[in-house]
Amino acid sequence: MKSFLTNIKEQFGSGKYEGDQYGGAQGHNGNGLPTGLPNNFMFATGIECSYPTIDNGKTRRDMLAECDHYNRYKEDLALVKEMGLKVLRYGLPYYKIQLAPDKYDWEFADAAMAEIRRLGITPILDLLHFGVPDFIGNFQNPELPVHFAAYCEAVAKRYPWVRFYTPINEIYVTAKLSAKDGIWNEQLTTDKAFVTALKHLVAASIMGTQQIAKHRSDCIIVQSESAEFTHELRAEHTYEVQIWNKLRFASLDLLYARHPEGEVLNYLYDNGMTRREYDWFMAGEPPGYQIMGNDYYGRNEKIMLPDGTIQTSVDVMGWYNITHEYYLRYRKPVMHTETNVFDPNLAPTWLWKQWVNILRMRKEGVPVLGFNWYSLIDQIDWDKGLSRKEGTVNACGLFDLDRKPRPVADAYKMLLQEYGQITIVPHGELFEITEAPATLKVEI
């Protein structure tokens, strides 16, 4: 079997692309629901769409099926509209669409995408969310980047009106839970398997973005990644905790062509990455306008006690402090791409706390472009990371599984009414041109 790099170079060339950056900060103080104008801050929700396998590949956890979205997608999309939201993180079921390298089933995707377009919702289209089609197997397969790139091109050609994409959701989390923690997909527990999955996933994201950009040169890539940290309460720190606090950057370092610390680079080399592969990643950023999405849940942040016990710390540092560290590292526009809590009574307070974090970041000049409460409806078995199929309902949605609103839905509507028309950059409304003289056409 050929290496992923050989597959990529044969199909797509060297992958040397310059990245696009843009900046901006804060926004005007505008009340009212989002208008959908290009300069508006992106208030969003998402529909949980994870589909990893467990039980050594025997069981597929498809959240779209388990939460009944396939049957109720029109109802769910109508709820987005009812909330007054204009933006939706939406994941097509990759494993059900690309059935073979040259065989696709678009039936559900076409129906859902047509409804999204009819309702005037802007999708951030999520193309790989924790799982792959059966014919690919898992993330150890070096052919993943080639097959995924072909899929990305097929999607971009089929839905040319889509501009926003998340090619691969949470690359670091995908690789770690599948190949180091032994929970999903290949269910391996070695450093070498983790590095193998990591490089295949980042390569797939790069190659997929290149194919999207061929058909949509103005594509906007929202790279959702977990913002996390482990606090070690020991007088003498251990190697394992400290290296993983550095490895959390590895996916974005490779994606954005930023050289990691020497300790991380040695780890990558020691566990299977070749110098030739590393040089390929460092050749340049993928095309498109890049937004760094940071997902933050209280359970992302952990504390290791002196006896080695690990517990959730909720928000000692919080989204602001952790994401600010990511921002200083990559200098990309930022979006708060996922958050929730499992206790519906605490959810409104958690929503407001996240919004305080965002306002603080924007006040300091960091270009925060959007916020996403994830997800629209409740989820199932995420309290155990989908590792066992027990059917436990996680009450973290704006709506429950009967599609009835939870208290956080009212809180989000209040937030939208107060801040729904703030702009991405200060006084961004000045750049809105709604009409032009007959002899002059202006586009922004």
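Being a predicted model, the structure only gives us computed values, none of them experimental.

Visitor: Tell me about the pattern of salt bridges, and please be specific about residues and values.
Guide: The tally for this structure, following the rule as stated, stands at 29 salt bridges. Across the pair K332 and E285 runs a salt bridge whose closest N-O atoms are separated by 2.6 Å. Here K332 is found in the loop between helix 13 (318-330) and strand 14 (334-338), whereas its partner E285 is found in the loop between helix 12 (275-281) and strand 11 (289-295), with 47 residues between them in sequence. Close ionic contact of D315 with K353 constitutes a salt bridge, the shortest N to O distance being 2.8 Å. Placement of D315 in the loop between strand 13 (310-312) and helix 13 and of K353 in helix 14 (residues 347-363) is noted, with a sequence separation of 38 residues between them. One network of salt bridges, with partners in common, ties together R61, E66, D381, D383, K384, R388 and E390.

Visitor: For the packing of helix 9 (residues 239-247) against helix 11 (residues 262-270), give the residues involved together with the corresponding values.
Guide: One can describe the packing of helix 9 onto helix 11 by two numbers: an axis separation of 10 Å at closest approach and a directional angle of 95°. As the angle between them shows, helix 9 and helix 11 are arranged roughly perpendicular. Taking contact as the criterion, the partners of Y239, I243, W244, K246 and L247 in helix 9 are, on helix 11, E263, V264 and Y267. Residues that form the contact of helix 9 with helix 11 fall into these classes: six nonpolar, no polar and two charged.

Visitor: Explain the packing of helix 3 (residues 69-83) against helix 5 (residues 107-118) to me, using residue names and the numbers behind them.
Guide: Direction vectors running N to C along helix 3 and helix 5 enclose 10°, while the axes themselves pass 10 Å from each other. As far as their axial angle goes, helix 5 and helix 3 are roughly parallel. Every residue of helix 5 that contacts helix 3 at H69, Y70, Y73, K74 and L77 is listed here: F108, A111, A112, E115 and I116.

Visitor: Lay out the nonpolar core with the relevant residues and their values.
Guide: Within the largest apolar cluster, 128 residues are counted, with the highest numbers of intra-cluster contacts made by F148 and Y412. Here the element with the most residues in this core is helix 8 (residues 191-215); it accounts for 13 residues. Once residues lying within four places of it in the same chain are set aside, the contact partners of F148 are Y94, L127, L128, P167, I168, A204 and G208. One finds A44, I291, M335 and V425 within the second-largest nonpolar core, a separate group that totals 12 residues.

Visitor: How would you sum up the packing of aromatic side chains? Please name residues and give values.
Guide: Under the definition given, this model contains 27 aromatic pairs. Relative to F108, the ring of Y70 has its centre 4.9 Å away and its plane inclined at 85°; by these criteria the two rings are edge-to-face. With Y70 in helix 3 and F108 in helix 5, this residue pair connects regions lying 38 residues apart in the sequence. By relative accessible area, which is 17% here, Y70 ends up buried. Assessed through its relative accessible area of 17%, F108 is described here as buried. Between F130 and W184, the aromatic rings sit 4.6 Å apart at their centres with planes inclined by 45°, giving tilted as the arrangement. Pair noted here: F130 is in the loop between strand 7 (122-126) and helix 6 (144-158) and W184 is in the loop between helix 7 (171-179) and helix 8, with a separation of 54 residues, a long-range link. Note on W184: relative accessible area 0%, which makes it buried. Three or more aromatic residues joined by ring pairs form one cluster here, namely F41, F43, W355, F371, Y412 and Y419. One Lys or Arg, R299, reaches over the ring of F342 and ends 4.2 Å from the middle of that ring.

Visitor: So, unusual backbone geometry: which residues are in play, and what are the values?
Guide: In this structure, the amide linkage connecting Y374 to the following residue, S375, adopts the cis form with an omega of 25°. A positive phi angle is found at E170, which is not glycine, with a value near 45°. Position of E170 among the secondary structure elements: in the loop between strand 8 (164-166) and helix 7. Here the phi dihedral of L386 falls at roughly 65°; this positive angle occurs in a residue that is not glycine. Position of L386 among the secondary structure elements: in the loop between strand 16 (379-380) and strand 17 (393-394). Since its relative accessible area comes to 0%, L386 is described here as buried.

Visitor: Run through the sheet that holds strand 13, naming residues and quoting values.
Guide: Spatially, 10-12-13 is the arrangement adopted by the three strands of the open sheet, whose pairing is mixed. The sheet is open, and its two borders are formed by strand 10 (229-232) and strand 13, each paired with just one other strand. The sheet shows a mean angle of 30° between the axes of neighbouring strands, direction not considered. The pairing of strand 10 with strand 12 (residues 301-304) spans four bridges and is classified as parallel. Directly across from H231, in strand 12, lies its bridge partner I303.

So, how was this worked out
Residues numbered from 1 in each chain as written. Predicted model: local features only at pLDDT ≥ 70, side-chain atom pairs only at ≥ 80, totals over all residues. Heavy atoms only, no water. Salt bridge = Lys/Arg side-chain N within 4 Å of Asp/Glu carboxyl O. Helix = DSSP H or I, 4+ residues; strand = E, 2+ residues; numbered from the N terminus. Axes fitted to C-alpha atoms, helices over the stretch in contact; angles between N-to-C directions. Parallel < 35°, antiparallel > 145°, perpendicular 65-115°, else oblique. Contact = heavy atoms within 4.5 Å. Nonpolar A, V, L, I, M, F, W, Y, C, P; charged D, E, K, R; others polar. Core = buried A, V, L, I, M, F, W, Y, C linked by side-chain atoms within 4.5 Å. Buried < 20%, exposed > 50% of the residue type's maximum accessible area, 1.4 Å probe, protein only. Phe/Tyr/Trp six-rings, centres within 6.5 Å; stacked < 30°, edge-to-face > 60°. Lys NZ or Arg CZ within 6 Å of the ring centre and 35° of its normal. Pairing = 2+ DSSP bridges.

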